[in-house]
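# Geometric and topological summary
Now for the letters of each chain:
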Amino acid sequence: MALKIKDLRIYYQTLRGDVKAVDGISFQVKDGEIMGLAGESGCGKSTLSNALILLKPPMKYISGEVFLNDKKLPIDNYEAMRANRFRGVSIIPQYAMNALNPIRKLKQIISDLLEHHGESFVKMRDMIEERLKLVELDEKVLDLYPIELSGGMNQRMVMVISTLLNPSLLLADEITSALDVSSQKAVSKMIVEFRDRKIVRSVIFVTHDISILYQVADSIMIMYAGKQVERAPTETIVKNPLHPYTKLLISSLPEVGIKYSQAPLKGIPGRPPELLNPPEGCRFKDRCPVASEKCDEEPPLVEIEPGHQVACWKVGAIDD
Amino acid sequence: MKFRKSEILFFALRNTKLRIGVFIVALFAFLAIFGPYFAKYEPQDFAGPGYNPPSGEYWLGTTTFGRDVFSQFVYGLRSTFLVGFVGGSIATFIGLFVGFLSGYKGGLADELLMMFTNIVLVIPTMALLIILAAYLKYRGVFLESVFIGFTAWPWTARAVRSQTLSLKTREFVNLARITGMKPLKIIVVEILPNMLSYVFMVFILQFGGAILTAATLDFIGLGPTQGISLGLMMQQAVLWNAIQLGMWWWAVPPGIAITAIVGAMYFMNTGLDEVFNPKLREM
Amino acid sequence: MIELKDITKVYSLGAFGKRKLTAVDNVSFSIGEGKIISLIGESGSGKTTIGKMMLKLIPITKGQILFQGKDLSLFKGEKLKEYYRYVQGVFQDPFSSFNPIFKADRIFELVKSEFFPELTGREWQIHVLDALESVGLNPKTVLNKFPHQLSGGQLQRMLIARALLLDTKFLVADEIISMLDASTRIDVLNILAELKKGGLSILFITHDLSLGYYISDESIILYRGSVMEAGKTEKVFSTPLHPYTRMLLDAVPRIDRKWTTFETPERKAVRSDTIGMCKYYDRCPLATKECEAQGLIKVEEDHHVACWRWNDV
C-alpha cells in the first residue's frame, strides 16, 4: 500500500474556535493508483492534501496516523517531515505558475533544490532534459527565467521539478482549475504519463471537477464538510454512486448533449454547514432529500463491495 | 444607510485600541485648549528664578531664564495641534484629490497630474520653506502650517493613486458604472470608503510629519516670529544644554507630547482598520 | 435587439503604447429578443473584452454597436444612464462585484437612488422582494448581510436580481458561474434560462462548452479575437466544421466518454510567418500554405465557419 491514512483530523485554529476541516478521514491509495479527491470548496480536500506535506499553522494536527510505504509519516512534526518532502511526498501546488522565483534562472532554482536534498544538478542533467521532453518543454528553458515563460509552461516546469526525485506520492492540488480545456487535457495527460512511467508511485489528484477525474483517476473519493462520504473505483462513482450527495452532485453536472430546454438539471439546495460547529450526525442531512431521524447519528463508512465505501444510513434506499 | 452608520459607531465604541488612541489624543487636545486658562504666566514672561524644578508654583519648573515651562508647554501644544491639523489637512486633501483623480481618470489627466506631482516631489521642500520663511518678515504659526501643507502632499498623491488604480479594477466599480453613476460619485461612495482607514493613516502621517517639519523649521530659527511651539521649546532646551544640566522638566515634556500624540494616532489607525473592515471585525 | 458590426479592439501596451495587441478582430453578430447566445472561447480569445464593450465599460477601437438600431457611441451622460436601464451585466467574480465594506443589499439601494428616486422605501421593498423571489432567494437569508457572509451562488443571484429591478432587456453574463461550486452553479444557469422565457436576451460568455450547450440558442466560437464558427448551438456542436471547434469538443472532459487520444496541439510561440494567415494556422492539423485569414462562410442555414477546408474536416 503506497499510502494509508487512519482517522486523520486536521483543524484550523481561529480566534472563534477550531474549524474542523478534516475530521476523521481514513483511506488507502495503492501503488500505481491515481486517486481523485473531489468535493465543493471548503470540504477539506485541499487541507487534507496540504497536511500530508506541509502542516503548519493555522492548521493544527489533532489525531490520526499516516503511513507511506508502510513507514509512519511524521506529518505533525514540521522538522522531521523535511526528509520526506520532495522525496517521499511531493506537491504541485494550486498556483504553480507563481511558485517559482521569477528572477532566478530555472537551472539555478533546480540546482539549489537538488543540492538541498544532497543531489547534484550536473549528474542529473540528462534525466532532467528527458523529463522536460516528457512535458513538451525544450531543454533551453533551463537557461531562462520563470518570468520569461508563460503560465502553462511554468506549471509544467513545476511538475518536472516536484517529481525530480521520484516521490512515492504526488499531490496535485487543483492544477487544472485555472486552465483552458486544451491545457487541462495536456496537464492531465502528463500526470497519467508520470504514473505510467513509474516516475511517481501514486497520485492524489485534488479537484472540484469530477469530469476530469473520470478521465484520469482510477478511484475517486468524495468529501463533504470535512468527512468522506463515498469512495469507489471511478467507473462506479460516476455510473453507480450510492451516497445521496454523490448522486446529486453527478446528476447536476452539465454536459455537452444536455440542454435546459430538453432536460433541465437540478442543483443541490442549501449550502454546506459551518465547520466551526458542525451539526451532530451526518453533515449532509440538512440538504439531503432522504434524511430521517436516524441521520442525527453519524453514519459509519461501510464497505458495500470491495473498494466501494459509503457513509450513509440510507445506502441503496433512493432510486432515481 | 442609517443602520450602517450606527453599526460602525457601535464597533468603533467597542474597539479598545481606538478607545485608547482617542483618549490620549483627546487628553492632549484638552490640555491644548484649556491649559492656557490655567497657566499663570504668559509663555515668554520671566516668571521667576531660573533652574527651578517642578513645584506647586511652577508646575513644570522653569527654564534657564526663569520662564514657566508649563505655560510654554500648553501654549506650545496649542500651536503644535494647529500646525498638525492645518498642515496635515491641507496635505491630505491635495494628496487625495490629485491621487483619486489621477488614478481613476487615467490617460492624459493621469500623466499630467503625475508630472506635476513629481515636480513638486523633487523640489527640496526644506530649501523652499527656508527661502519662503526668510522672505516673510512676519510669520505666524498658521502661515507655517499652510506652507508645510502645500509641500507635503506629493507622496500621498502617489500612494492614493496606486490604491485607486487597484480598487478601480475591482468589479464593484464596473457595477457602479453600469448603474449609471458619475465618476466623482463612484470615487466618493465606492472607492473612498474602502480607503477610509488608509486616508486616516495618511492624515496621521501628515499630521505627525507637519509637526516634525515645523519643529525642524523652529529649530533652525525659521519658526514663527511670535509665539511658542513644542519644537521651539525643544530647540531652546537643547540650545541651553537642558539635558546636560539635569533640567529634564524642560526637555522631556515636549518630546513626550509629540511622541504620544503621533503614537496614539497610529493606535487609532489600527483600531479603525478593524472597525471599517467587517472581515477583521469578526475575529 | 443588439448588433455588433465589425468590432475591433486594439490595446496599446508598453512604453508610449508602441506595442499593439488586437484583442478583438472584426467581430460581427447580433442578438435577437429572448435569445441566449453563447460566446465560447479560451483565455485570450477576447470574449470578456466584447462583453465589456457592449456594456460600454471600455471604448471600441473600430466598428459599431447598435442597440435597438441606435449607435452606442452616441450614448453619453443621461442617455448612457438610460442605456443601462435596459442593458445590464453580471461579472465573473461575485466577491469582487460587491464593495466589501458595505452590506450586500446596498447594490439594490444604488439602483433605487440612481433610477427610481421617486419611489418610497416601501414600494421599493416590494420590488426587491419580487426580484429576489424570481432568482429563488429567501430575503431573510440574504438581506442585511455582508458579502463575505454569503456564498458565491447567493451573491451572483443577487446580482441577477439587481438587473431585474431595472427594465433589463439584454444581459451580459460574463463567466458568471465559473467561480461557483458544482452544486449551485446549475441553479444560476436555470435562472437565466427562466428569464429568457420572459423575453430577456442574454450574452452568455463562457469557456465551458457544456454550459454553452446547456443554455444557449446560438453559439459563437472565438479564437484569438476572431470568430471561428457560429450558428445554432445544436448545429455547431453536432457537426463542428472548424478544426478548432473539433479540438475543443474533443478536449472537454465528460463523464459519459473518456478522452480517446491525449493529443492537443497547443499554441507554442508567435511565428512571423503566420501574419495574415488563419489565426489557428500554427495549431491546425489541416493547415496548408493556402490557409489565409478567412471570413465566415455560410455553410447552411444558421451555420457559419471561418475555414475554407470545412468540407475536409
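Note: the structure precedes this text.
Residues numbered from 1 in each chain as written. Chains lettered and ligands numbered in written order. Predicted model: local features only at pLDDT ≥ 70, side-chain atom pairs only at ≥ 80, totals over all residues.

### Observations concerning the overall build of chain C
Secondary structure assignment for chain C yields 10 helices and 12 strands. With respect to the principal axes defined by its C-alpha atoms, chain C has extents near 70 × 45 × 40 Å. Partitioning the intrachain contacts of chain C with sequence separation of at least 6 by distance along the chain shows that 66% fall at a separation of at least 24. (Helix = DSSP H or I, 4+ residues; strand = E, 2+ residues; numbered from the N terminus. Contact = placed C-beta atoms within 7 Å.)

### Quick word on the pairing of strand β1 (residues 2-13) of chain C
Residue and element names in this part refer to chain C. Pairing of β1 with strand β2 (residues 19-31) involves nine bridges; the strand directions are antiparallel. Note that in β2 the partner of I7 across the bridge is V27. Sheet topology note: the β1/strand β4 (residues 62-67) ladder contains five bridges and is antiparallel. Residue K5 lies in a different strand from β4, and its bridge partner there is Q64. (Pairing = 2+ DSSP bridges.)

### So, the interface of chain C and chain A
At the junction of the two partners, chain C supplies 33 residues and chain A supplies 34 residues. Here the side of chain C that touches chain A is composed, by residue class, of 18 nonpolar, eight polar and seven charged. (Nonpolar A, V, L, I, M, F, W, Y, C, P; charged D, E, K, R; others polar.)

### A short note on the sheet that holds strand β11 (residues 302-305) of chain A
All names here are of chain A. Taken in spatial order, the eight strands make up an open sheet running β6-β7-β8-β3-β9-β10-β12-β11, and their pairing is mixed. Single-partner strands in this sheet number two, and they are β6 (89-92) and β11. The average undirected angle you get between the axes of adjacent strands in this sheet is 25°. (Axes fitted to C-alpha atoms, helices over the stretch in contact; angles between N-to-C directions.)

### A few points about the packing of helix α10 (residues 196-219) of chain B against helix α11 (residues 230-239) of chain B
Residue and element names in this part refer to chain B. Packing of α10 against α11 leaves a shortest axis separation of 8 Å and a crossing angle of 45°. By the angle between their axes, α10 is oblique relative to α11. Every pair of crossing elements has a handedness; the one defined by α10 and α11 is right-handed. Across the interface between the two elements, A214, A215, D218 and F219 from α10 touch L230, G231, L232, M234 and Q235 from α11. The class makeup of the residues in the contact of α10 with α11 is six nonpolar, two polar and one charged. (Parallel < 35°, antiparallel > 145°, perpendicular 65-115°, else oblique. Left-handed = near helix turned anticlockwise from the far one by under 90°.)

### Some thoughts on the nonpolar core
L39, A161, A173, L203, F204 and I221 of chain C are the most contacted members of the largest nonpolar core, which totals 158 residues. Here this core gets 18 residues from one element, more than from any other, and that element is helix α3 (residues 69-105) of chain B. The contact partners of A161 of chain C, leaving out residues within four places of it in the chain, are A131, L132, V135 and L137 of chain C. Core analysis: the next-biggest nonpolar cluster, separate from the first, contains 91 residues, A2, L73, I128 and L275 of chain A among them. (Core = buried A, V, L, I, M, F, W, Y, C linked by C-beta atoms within 7 Å. Buried ≥ 20, exposed ≤ 12 C-beta atoms within 10 Å, placed from the backbone.)

### Brief notes about the sheet that holds β4 of chain C
All names here are of chain C. Across the sheet, four strands lie side by side as β2-β1-β4-β5; this open sheet has antiparallel pairing. A strand with exactly one partner marks an edge of an open sheet, and here the two such strands are β2 and β5 (70-71). The strands touched by helix α1 (residues 47-54) within the sheet are β1, β2 and β4, with β1 carrying the most contacts at an inclination of about 115°.

### Structural notes on helix α4 (residues 121-134) of chain C
All names here are of chain C. In this model, α4 (14 residues) spans 20 Å end to end at C-alpha, consistent with the 20 Å of a helix rising 1.5 Å per residue. Among the residues of α4, those classed as buried are V128, A131 and L132. Within α4, the buried residues cover an arc of 100° as seen down the axis, which keeps them to one side. When the buried face of α4 is taken as reference, the exposed residues oriented beyond 90 degrees from it are R122, E123, I126, D130 and E133. Residues of α4 that are buried sit in contact with α3 (106-115), α5 (139-142) and α6 (152-165). Among the residues trailing α4, G136 stands out with phi positive, at a value near 70°. (Expected span 1.5 Å × (residues − 1). Arc of directions from axis to C-beta.)

### Examining the packing of helix α4 (residues 107-122) of chain B against helix α7 (residues 154-168) of chain B
All names here are of chain B. Running from N to C, α4 and α7 point in directions that differ by 140°, and their axes come no closer than 9 Å. Both α4 and α7 take part in a crossing whose hand is left-handed. Residues T117, V120 and L121 of α4 touch α7, and the partners they reach there are P154, W155, A157 and R158. Class assignment for the residues of the contact of α4 with α7 results in five nonpolar, one polar and one charged.

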